[in-house]
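# Descriptive structure summary
What follows is the residue order along each chain.
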Amino acid sequence: MTAPTLAREQFVSFAPLSAEEVSEKQHRVRIDESVTSPVVLFFFTGIAWLVIGSLAGLVAALKFNLPDWLGGSPYLTFGRVRPVHLNAVMYGWASLAGAGMIVWLTGRLCRVALQQTWALYVSVVLWNLGVLFGVVALLVGYNQGMEWLEFPKPAGGLIALGFLFFAYSIVMTFRKRQVEHLYVSLWYILASLLWFPILYVVANLGIYSGVTEAAMNWWFGHNALAVWFTPVGLAGAYYFIPKVLGRPIYSYYLGLLGFWAFALFYNWNGIHHLVGGPLPTWLVTVSIVASVMMFVPVMAVAVNHHLTTVGHFRMLKFSPTLRFVVFGSMSYTAVSFQGSIESLRSFSEVAHFTHYTVGHAHLGVYGFLSMILFGAVYYIMPRIAKWEWPYPRLIKVHFWMSAIGVALYVLALNIGGWIQGTMMNNPALPFIASVNATKPYLWARSIGGTMMLIGHLAFAYQFLLIIYRSGPARYVPAWFELREPEAMEAEKTP
Amino acid sequence: MSLPLAVIFIVSFVVIAGALTLAAFVWAVQTKQFSLKQLNEGANTIFNDDEPIGTPQDMIFNSPADDSPNPR
């Protein structure tokens, strides 16, 4: 792969910057420089966990196709590898990369250099030690036995402590902000800093048993999405879509309405995972009602992002960041609508306890959050490394492997899971019939997972190149396709 | 016996989280975050003079002459 040799002047010409613009630019560059090291550390370690976590995920997926494969080693049995995958990608990749994005966005949105940077270094060390300790503990057989909370308590403690140091630096930066108005992305970021530590600490108290423990488990499991991963993803989408397009968000009113409706409804959702369980009916019903009410904030976000992008969809052909983030935003709409429908008792009767739920979770954490984080990394890194991505074709490989991989994965598990659910509900059929019926879909799952892993390897390789400012120097943007100067000028909208 | 303790903890933390969220809302109202001016202009706050509205921002250039980056 060779870098295009199109000269900078041939590509597009910008008018010289005025003195005021230079000053603004210098200020912005200083802010970016203040966040460089922490952001690179968060991204670097996050991507390392992404590769490890997706490798573990692929091993777990293949065990559905080849049950005896690696069965001789206790460390690599499904019951250990699967939680390693889940926790490595959630607390490793998504959390650390999300934290990196938050650090960068906070500097930009508060228009101030980062405060208490030392706390971020402490945070990234504690956080990674926590994940490392947790992953090793899972591999050797220690597991708390609750989904999303498998890590032993000391690992959870390290992660919680790391989060507090992280939040301290962000809050101190926020206090020094040089802006009067809080952009909607900052609302989501600050809300996640407030809610997630409470959620994580309460869930890890270890004072629950029986039905209460199950209720707490899913209150936590769903709220980890609600108060940490979703705000992080939406904060990114609300920043990068308008920024890349160069046009403000379509309706700021809808943006704030969406945020407060999100704050009101989302945290009640978790108990819909226990439809049919031995809980008070009202508790489950409240959760279902709140799940359906999520249509309000989701519609606000979907309409807003769509109307911001409409008329500029051609930019998706060129901009990697925009393509990843818009894919993520569309997946957010899809996964949220799916989640609201999935919470209904009649739907849950079939889909619950099947592969359908696994597909739904991947649409959320991968199709939505991870794709937005990929887009964010592609936008942020050239600005702080001061080096353009060397190989746009590798970005293309990453995008298509991830997009087709997750689409195949979700579609296969949704269809296969539904078939599995209907067969399990049929008393005339033996259980093994439902297992056999899912086999082709589980192969599709493994193929989708393999594609995603290939995309991650391309991403990780190029990330290493950019942090070392390696590979061919580029004098044009690392877009999927080069554009003519006239087209660039036409893109500028009044 | 674990149920009452769990309930006490969960209710306490939910009340704290709810109170903090409510306090954030009150603070936002008091600092005029929802004023008409802010709502009309808030969307523009991510742009400035050197990253203006109307110019797509997904681009960065390097200067081949002196290897000094010129990020936009």
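What counts as what
- Residues numbered from 1 in each chain as written.
- Chains lettered and ligands numbered in written order.
- Predicted model: local features only at pLDDT ≥ 70, side-chain atom pairs only at ≥ 80, totals over all residues.
- Helix = DSSP H or I, 4+ residues; strand = E, 2+ residues; numbered from the N terminus.
- Buried ≥ 20, exposed ≤ 12 C-beta atoms within 10 Å, placed from the backbone.
- Rg over C-alpha atoms; globule rule 2.2 N^0.38 Å.
- Contact = placed C-beta atoms within 7 Å.
- Axes fitted to C-alpha atoms, helices over the stretch in contact; angles between N-to-C directions.
- Parallel < 35°, antiparallel > 145°, perpendicular 65-115°, else oblique.
- Left-handed = near helix turned anticlockwise from the far one by under 90°.
- Nonpolar A, V, L, I, M, F, W, Y, C, P; charged D, E, K, R; others polar.
- Domains from an automatic or database assignment.
- pLDDT = per-residue confidence, 0-100.
- Expected span 1.5 Å × (residues − 1).
- Bend = angle between axes of the 7 residues up to and from the residue.

## So, the overall build of chain B
Across its full length, chain B carries two helices and two strands. The order of helices and strands in chain B, counted from the N terminus, is α-α-β-β. Counting the 72 residues in chain B, one finds 14% classified as buried.

## A word on the overall build of chain A
In terms of regular secondary structure, chain A is built from 17 helices and zero strands. Relative to a compact globule of 494 residues, whose C-alpha radius of gyration would be 23 Å, chain A shows 23 Å and is just as compact. Its C-alpha atoms give chain A principal-axis dimensions of roughly 75 × 45 × 40 Å. Across the 494 residues that make up chain A, the buried fraction comes to 55%. Counting only contacts in chain A whose residues sit at least 6 apart along the sequence, the fraction spanning at least 24 positions is 85%.

## Some remarks on the environment of V410 of chain A
In this fold, V410 of chain A is placed in helix α14 (residues 392-424). Between the alpha carbons of V410 of chain A and W118 of chain A there is a distance of 41 Å; along the sequence they are 292 residues apart.

## As for the packing of helix α4 (residues 117-139) of chain A against helix α5 (residues 153-175) of chain A
All names here are of chain A. Between α4 and α5, whose axes approach to 7 Å, the crossing angle comes to 160°. Taken together, the axes of α4 and α5 are roughly antiparallel relative to one another. In this structure, the crossing between α4 and α5 has a hand that is left-handed. Taken together, the residues that form the contact of α4 with α5 break down as 17 nonpolar, six polar and no charged.

## With respect to the domain arrangement of chain A
All names here are of chain A. The domain architecture assigned to chain A consists of domain 1 (22-180) and domain 2 (312-488). For domain 1 versus domain 2, the distance between C-alpha centres works out to 19 Å. Of the residues lining the interface, 23 residues belong to domain 1; the matching set on domain 2 comes to 23 residues. Looking at the side of domain 1 that touches domain 2, the elements with two or more residues in it are α2 (19-65) and α3 (78-110). Broken down by class, the residue content of the side of domain 1 that touches domain 2 amounts to 17 nonpolar, five polar and one charged.

## What to know about the confidence of the model for chain A
In this model, chain A carries a mean pLDDT of 91, and residues with pLDDT of at least 70 account for 93%. Predicted confidence for residues 1-14 of chain A stays below pLDDT 50, and this span has 20 contacts to residues more than four positions away or in other chains.

## Things to note about the confidence of the model for chain B
Residue and element names in this part refer to chain B. For chain B, the average pLDDT comes to 74, and 74% of its residues sit at 70 or higher. Of the regions scoring below 50 in pLDDT, residues 61-72 engages in 21 contacts with residues more than four places distant in sequence or in other chains. Across the interface, the model reports ipTM at 0.78; the global pTM reads 0.91.

## Here's the deal with α4 of chain A
Given 3.6 residues to a turn, an α-helix orients residues that are three or four positions apart in the same direction. Spanning 23 residues, α4 of chain A covers 33 Å between terminal C-alpha atoms, matching the ideal 33 Å at 1.5 Å per step. Remark: G141 of chain A follows α4 of chain A within two positions and exhibits a positive phi of approximately 110°.

## Observations regarding the environment of G71 of chain A
Considering the arrangement of structural elements, one finds G71 of chain A in the loop between α2 and α3. The spatial distance from the C-alpha of G71 of chain A to the C-alpha of P477 of chain A is 48 Å, given a sequence separation of 406 residues.

## Re unusual backbone geometry
Unlike most non-glycine residues, Q116 of chain A shows phi in positive territory, near 50°. Its identity as a non-glycine residue notwithstanding, K32 of chain B has a phi of 60°, on the positive side. Locating K32 of chain B in the fold gives a position in the loop between α1 (2-30) and α2 (36-41). Accessibility expressed as a C-beta count within 10 Å gives 12 for K32 of chain B, which makes it exposed.

## Some points on the packing of α14 of chain A against helix α16 (residues 439-467) of chain A
Packed helices, taken two at a time, are described by the angle their axes make and the gap between the axes. Residue and element names in this part refer to chain A. Following both chains from N to C, one finds α14 and α16 inclined at 160°, their axes separated by 7 Å at the closest point. Classified by the angle between their axes, α14 and α16 sit roughly antiparallel to one another. Relative to α16, the crossing made by α14 is left-handed. For the contact of α14 with α16, the residue count by class is 19 nonpolar, eight polar and one charged.

## Some thoughts on helix α6 (residues 184-203) of chain A
All names here are of chain A. Between its first and last C-alpha atoms α6 spans 28 Å; for 20 residues at 1.5 Å apiece the expected length is 28 Å, and the two agree. Along α6, the sharpest kink reaches roughly 25°, centred on W195 and followed within four residues by the proline P197. Counted residue by residue, α6 has 16 buried out of 20 residues, so it is predominantly covered.

## Comments concerning the environment of A61 of chain A
Residues and elements named next belong to chain A. Within the fold, A61 resides in helix α2. Separated by 206 residues in sequence, A61 and N267 place their C-alpha atoms 30 Å apart. Those residues within four positions of A61 in sequence are excluded, and the remaining contacts are R445, S446 and G449.

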